[in-house]
Amino acid sequence: MNNHAAHTALVTGASSGVGWEAAAQLAEAGYGRVIVTARTPAKAEDARTALLARVPGAQFVPLALDLNDFSSIEKAAQALVGAAIPIDALILNAGVAATSELRRTADGIEQIMAATLTGHHALTMHLLRAKMLSGHARIIIAGSEAARGDVPTFSNIDVQALAAASFGGDLERAIEAVLRADKPVKFANGTQYATAKTFAVWWAKELATQLPAGMTVNTVSPGNTPDTKASREMPAIMRRVMLPVMKLMPSMWHSVPTAAARYLTVIDMPDGVTGQFFASPPQKMTGPVTSMTMSHFTNVAGQRALWNVVSRLAVSGGASTR
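The model shown is predicted, which means the values in this text are computed figures rather than measured ones.

Caption draft 1: Main features of the pairing of strand S3 (residues 60-64). Pairing analysis gives five bridges linking strand S2 (residues 33-38) to S3, with the strands arranged parallel. Opposite Val36, over in S3, you have Pro62 as the bridge partner. Chirality of the crossover, the property in question, places the unit of S2, helix H2 (residues 41-54) and S3 among those that are right-handed.

This is the structure we're talking about:
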């Protein structure tokens, strides 16, 4: 019996890579409807066409969603509400692996942070307020091993130290400076990316305290997956040196299907599993999904401050719950 035939999943960033593969695997697992988002209607439709070639007869629904644009997020949410399609699995997969230079959205949010966090927050809040998530909905937000602190070239910004040194101890002002990459924060690709993924863990932990019983939210790293388009914006040394070297060592990377399967593994976990971060075992880039317990992932003051800041920044998109 197909236990998912009446279920709907939504995958952000589903035009290629891990998001596209996750959408295909959800359909193959029997989900009756899979909503696939991309930044433009054309890309979303192209994804639907390609997915139907992979899974004939499945129901893929294209949806334009630009996570850098709060008005696009609101429009997409309104379309979902209008269609009255409750969502059972919300996979917040979209993101930017790295950028070669500092870029900000029209709202002044640094692009890695916008794609990883603020856009997904706005979408999730729209859906929660409209009661568009089912009673046992599973929410997944993409994380990364880079956030652990044991991956070379990646390090987290110490927002407590930043707050003490530059903002009179005000943690929210420090976090907003990081989200915007404003002074005194110095933008660096690896640091911004690792911090964005740590913030994703904090965000999920805070949301877990607010969700109704039965719903869950977890952070899941797809693992090191170089065969995606995400590497196109990485610094040259990573594209031309580090990634090719990694691909010579099978234990350092895995395939796109293996990466996407991690989402489905965590989706199928029971109600009591929430607010956790699943990634490769410590100091590994691949392997079985394991709950991360590093101390910097448990920061109640940080996660609360982050939630407050992200909620304020999302006001222009109409997504604040405050």
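Caption draft 2: Seen up close, the sheet that holds S3. An order of S3-S2-S1-S4-S5-S6-S7-S8 is seen for the eight strands of this open sheet, with the pairing classed as mixed. Edge positions in the open sheet fall to S3 and strand S8 (290-291), since each of these has one partner strand only. By the bridge criterion, two bridges tie strand S7 (residues 277-279) to S8 in an arrangement that is antiparallel. Residue pairing in the sheet places Phe278 in a bridge with Ser291 of S8. Set on the sheet, helix H7 (residues 189-208) makes contact with strand S4 (87-92), strand S5 (133-142), strand S6 (216-220) and S7; between it and S6 the angle comes to about 165°.

Caption draft 3: Region of the structure containing the packing of helix H1 (residues 17-28) against H2. Following both chains from N to C, one finds H1 and H2 inclined at 45°, their axes separated by 10 Å at the closest point. Classified by the interaxial angle, the pair formed by H1 and H2 is oblique. In this structure, H1 crosses over H2, and the sense of that crossing is right-handed. Residues Trp20, Glu21, Ala23, Ala24, Gln25 and Glu28 of H1 form the contact with H2, whose participating residues are Ala47, Ala50, Leu51 and Arg54.

Caption draft 4: Quick peek at the pattern of salt bridges. Counted under the stated rule, the structure contains 12 salt bridges. Between Arg148 and Asp150 there is a salt bridge whose closest N-O contact spans 2.9 Å. Look at Arg148 and you get buried, because its relative accessible area is 4%. Among the residues examined, Asp150 registers a relative accessible area of 28% and is labelled partly exposed. Linked through salt bridges whose partners overlap, the residues forming this network are Glu172, Glu176, Arg180 and Arg312.

Here is what the cut-offs are and how they apply
Residues numbered from 1 in each chain as written. Predicted model: local features only at pLDDT ≥ 70, side-chain atom pairs only at ≥ 80, totals over all residues. Heavy atoms only, no water. Pairing = 2+ DSSP bridges. Helix = DSSP H or I, 4+ residues; strand = E, 2+ residues; numbered from the N terminus. Right-handed = clockwise from strand over helix to strand, strands pointing away. Contact = heavy atoms within 4.5 Å. Axes fitted to C-alpha atoms, helices over the stretch in contact; angles between N-to-C directions. Parallel < 35°, antiparallel > 145°, perpendicular 65-115°, else oblique. Left-handed = near helix turned anticlockwise from the far one by under 90°. Salt bridge = Lys/Arg side-chain N within 4 Å of Asp/Glu carboxyl O. Buried < 20%, exposed > 50% of the residue type's maximum accessible area, 1.4 Å probe, protein only.

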